[in-house]
Amino acid sequence: MSEHQPPAPTGERPSAATARETLADGEWHRMHPLTPLFKGGLALIIIAGIAIANLRDRLIAWFVDLFTPEEAQYDYSGGDPVDWVLQNNLIVIVLLSVLGLVVVLVLIFWFVWRFQQFRITGDHVEVRKGIVFRSHRRAPLDRVQGVNLTRPFPARIIGLAKLEVVGAGTDSNVELEYLATPRAEAVRTDILRLASGARAARLTAADAAAGVRSSDAAGSGTVAPGSARAQLVGSMNAGVNDLISGVDLADVEPESVVKIPTGRLVGSQLISSVLWLIFFGIIFGIAVGGVAIGSLIDGDPIGGFLGLGITLGIAIPMIIAIVGITWAQISKSLRYSIAPTPDGVRITYGLLTTVTETLPPGRIFAVEVTQSLLWRPFGWWTIRINRMSGKSAAQQSSGSAQQFSVVLPVGKRADVERVLALILPDAPVADIPLVWEHGILGPVEGDPYRTMPRRAWWRRPVSWKRHGFALTEFGLLLRRGIVWRKLAIFPLARLQGVSLSQGPIDRAQRVSGAQVHSVQGLITGYLSGLERDDALYLLDRVSSAAVAAAARDHTHRWGEYVTDAEGAQVPGYPVAGADAAAGVSGAPLPPPAPPVVQPAPPVAPPAPPVAPPAPPVVPPAPPVAPPAPPVVPVAPPVPPAPPAAPAPNGE
Amino acid sequence: MTQNPEIEPGIPAPLNSAEVTDRAALDQGTYPQLRTARSEARLELDGTWHQISPRYVVSQNVQNLIFIAVVLAVAAVLALVLHQTWAWIPAGVVVLITLITMVILPRQARAIGYMLREDDIVFRKGILWQRMIAVPYGRMQLVDITQGPLDRAFGISQLKMVTAAATTGVQIPGLTQTAAEALRDTLIEVAETRRTGL
């Protein structure tokens, strides 16, 4: 199984000694040799299942005969292929052909494995696979939306993991499946390091970290050199150890980790399952009631056993369904943890199938904090995000994809605040009251949210006082719902557009609907019945605010700016944050003033906040190569434009 | 709301002159006046709306006529040859709906407009049901020009902008060939300079 064939130039597996050696060396590497077994394993299980199902009676007969006395032998003659084989003395031929089949399968698996390779260069991650239909997928690293390390239960036992590099687009993921877990972790580190754009400075730090990890790995005997068998045994041991000891969080700061007590997690899901219970209870009531009424009308009361049978026959499947749904939810969220790493937020969850997602900064398009009515007495919240999942449309609607969008399954206010600080690190301090006091906890007198006017109340009869938006320098906040409280935050730096729609009834009421566009996800950005002037203000301001925010935002190459921070000043958010804290916090935000007056004022006041961040962008530009130069032309046009626009041109 | 072929001095040249390759081309042979709802409460923006070519209506109506002819032909074959007289009912409904769209189309076409602002492009359409969408230039991932056979005969084409959000699909129909190309070049140039992550 070692390399002596042309298509693999250097496929050296990392030994304990060379664990520090990076896999991101621009050479082609192979997956783990057991990969085809797990990928083709499903087909094998199905074939075995069909075979067993067909020979079921014979197997039962053998089994029964083993344990029954001689005189009570179960006489079986089913006329299945086994009888025919036995009668015609074809046992040798049959066994030989089975052996041949196994050899062919192993050969096929081996070829599949031979032809599956990956390569990580400075700018791309590439996977090529396939024998007849070859596929070669290459993804640019600066567009990486996240890296998911998934360990499905069977693969986890022998220490394998699937690495998924999330791309920006539909069906754009690059999957490296399967790798030994320590290798997968090393590859993940490499990809994130390269994607961050940080080269030499971060490399040394990463080396130090890798050194720590390699000593860990050596200690537990994870990576065994040499033969595939030794490797298999080693990874098997590591897998079992890992299963017992839980997910390794050694490389993150432990104090910032938000952990959910198991009791709360189970409780929250049980409360949610109350809804299911009510739903099934209604169906059950209707069914049993129907049967009872029917028997009464017929004048033929059902016997006790029959009635019991019908009741149980309906109730048991329903209870199984409820338990199943609840268990699936709980087991997915168990062992949840979220922690900051230098390369983004790392979220781990799952009891049997463990998923570790790494979300680099600036890959979150929308965040929503919600609370259902049943959770309110406990003060529990959940946080979901919109992000690029890189999956195809069919996969996106599946349950597992929705799991990827939950960042905090359940948490108290302190947890929510901590997670929000993690996933929106560049949110200015001035915006925090907007999120909690004014936003999530509902309308406060004089808050800057622009809500639905009283005359449009019938569009949201209960929540019209809450239904509205607030625009800050950092993001657009949508506050909705009173029974099901929701607050959505759309960071302006990644806002994709805004649209307004107004039908005849809207126009008669002088209101308009508004839709904020973000990538596909669970969070929708629709607001109905906004004051017409507020809606136009949104359309007018969002784009320029988005451009200004995007100019300040460098998260798509986050590492370059982090390294800058060590030497000089970070051009982006600290400046904006300080500015927001100093200048804007006193008078909360520009929004409250302009709505009444027509176009001229709304453009003017926000301009100063836009201007200050611009100059700091310019100085660091020369040292930083790729993203900075485009920033420079954007900034200057901003200040001159707004003052000039309304004055001479006001129509 | 007036149409102005020159770059107005009042507009602060939001796009640099280098970025706007051929701005006059956008307004050649288009409708002179945008049509909107009369109510004061309508959605309205300051700035110059660029409009689409009247040839769009002709092209669409020719297509609609061809469609009606095909529907009628099928119905006639069914009714006269195969003696399925019920075929006239669905055919009649389809033809009626198509005729209504043909009547409304000139009004609709006058309400379609786009505005190149400093940071974004705004697209609007509709009179009774008004819709406006603003897409920042930096978010544009792709600009696509499509042209059907009839469109080619009339020298118009459709321009489509794609962003990372599936819902922001902006499609501007009925641009003259030169306008579509000028707009595409402008958008791509501006998007280049304002490119951000996603």
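Bear in mind the structure is a predicted one, so any value in this text is a computation, not a measurement. (Residues numbered from 1 in each chain as written. Chains lettered and ligands numbered in written order. Predicted model: local features only at pLDDT ≥ 70, side-chain atom pairs only at ≥ 80, totals over all residues.)

J.: Even after reading the chapter, I still don't get the overall build of chain A, so can you show me in this structure?
T.: Scanning chain A from N- to C-terminus turns up 24 helices and 21 strands. By the burial criterion, 39% of the 651 residues in chain A qualify as buried. In chain A, the share of contacts with a sequence separation of at least 24, taken over all contacts with a separation of at least 6, comes to 61%. (Helix = DSSP H or I, 4+ residues; strand = E, 2+ residues; numbered from the N terminus. Buried ≥ 20, exposed ≤ 12 C-beta atoms within 10 Å, placed from the backbone. Contact = placed C-beta atoms within 7 Å.)

J.: Can you walk me through the overall build of chain B in this structure?
T.: Counting its secondary structure elements, chain B contains four helices and seven strands. Starting at the N terminus, the α and β elements of chain B follow one another as β-α-α-β-β-β-β-α-β-β-α. Within chain B, the fraction of its 198 residues that count as buried is 36%.

J.: What should I look at first to understand the sheet that holds strand S1 (residues 50-51) of chain B in this one?
T.: To summarise the sheet geometry, strands pair through backbone hydrogen bonds and adopt either a parallel or an antiparallel arrangement. An order of S21(A)-S20(A)-S19(A)-S4(B)-S3(B)-S2(B)-S1(B) is seen for the seven strands of this open sheet, with the pairing classed as antiparallel. A single partner strand is all that each edge strand has here, and the edge strands are strand S21 (525-531) of chain A together with S1 of chain B. Relative to strand S4 (residues 130-136) of chain B, strand S19 (residues 497-502) of chain A runs antiparallel, the two being bridged by five bridges. Within S4(B), the position partnered with A:Leu500 by the bridge is B:Met132. Most of the contacts of helix H16 (residues 532-552) of chain A go to S4(B), to which it runs at about 15 degrees, and overall it touches S19, strand S20 (511-517) and S21 of chain A together with strand S3 (120-125) and S4 of chain B. (Pairing = 2+ DSSP bridges. Axes fitted to C-alpha atoms, helices over the stretch in contact; angles between N-to-C directions.)

J.: Would you mind going over the domain arrangement of chain B with me for this structure?
T.: Residue and element names in this part refer to chain B. Segmentation of chain B into domains returns domain 1 (23-53 + 107-193) and domain 2 (57-105). One C-alpha centre belongs to domain 1, the other to domain 2, and the line joining them spans 31 Å. Each partner contributes to the interface: domain 1 provides seven residues, whereas domain 2 provides seven residues. Classifying every residue of the side of domain 1 that touches domain 2 by side-chain character gives four nonpolar, one polar and two charged. (Domains from an automatic or database assignment. Nonpolar A, V, L, I, M, F, W, Y, C, P; charged D, E, K, R; others polar.)

J.: Teacher, can you tell me more about the environment of B:Met140 here?
T.: Residue and element names in this part refer to chain B. Relative to the helices and strands, methionine 140 resides in the loop between S4 and strand S5 (142-146). Residues methionine 140 and glutamate 192, 52 residues apart in the sequence, show an inter-C-alpha distance of 9.3 Å. Among residues more than four places away in sequence, those in contact with methionine 140 are Val135, Met161, Thr163, Leu187 and Ala191.

J.: How should I be thinking about H16(A) in this particular structure?
T.: For an α-helix, the turn length of 3.6 residues means that residues three or four places apart are oriented alike. All names here are of chain A. Relative to the 30 Å expected for 21 residues at 1.5 Å per residue, H16 spans 30 Å between its end C-alpha atoms, a close match to the ideal helical length. A bend of about 30 degrees at arginine 541 is the largest found in H16. Of all 21 residues that make up H16, 21 are buried, and the element is covered over most of its length. (Expected span 1.5 Å × (residues − 1). Bend = angle between axes of the 7 residues up to and from the residue.)

J.: How do you make sense of the sheet that holds strand S5 (residues 146-151) of chain A when you look at a structure like this?
T.: Residue and element names in this part refer to chain A. The antiparallel open sheet is built from seven strands, whose spatial order is S7-S6-S5-S11-S10-S9-S8. At either margin of the open sheet sits one strand with a lone partner, and together these are strand S7 (174-180) and strand S8 (258-259). Relative to strand S10 (residues 344-349), strand S9 (residues 337-341) is paired through five bridges, and the arrangement is antiparallel. Bridge assignment links proline 340 to a residue of S10, and that residue is valine 345. Its contacts with the sheet place helix H6 (residues 181-195) against S5, strand S6 (160-166), S7 and strand S11 (354-359), and it is angled at close to 140 degrees to S7.

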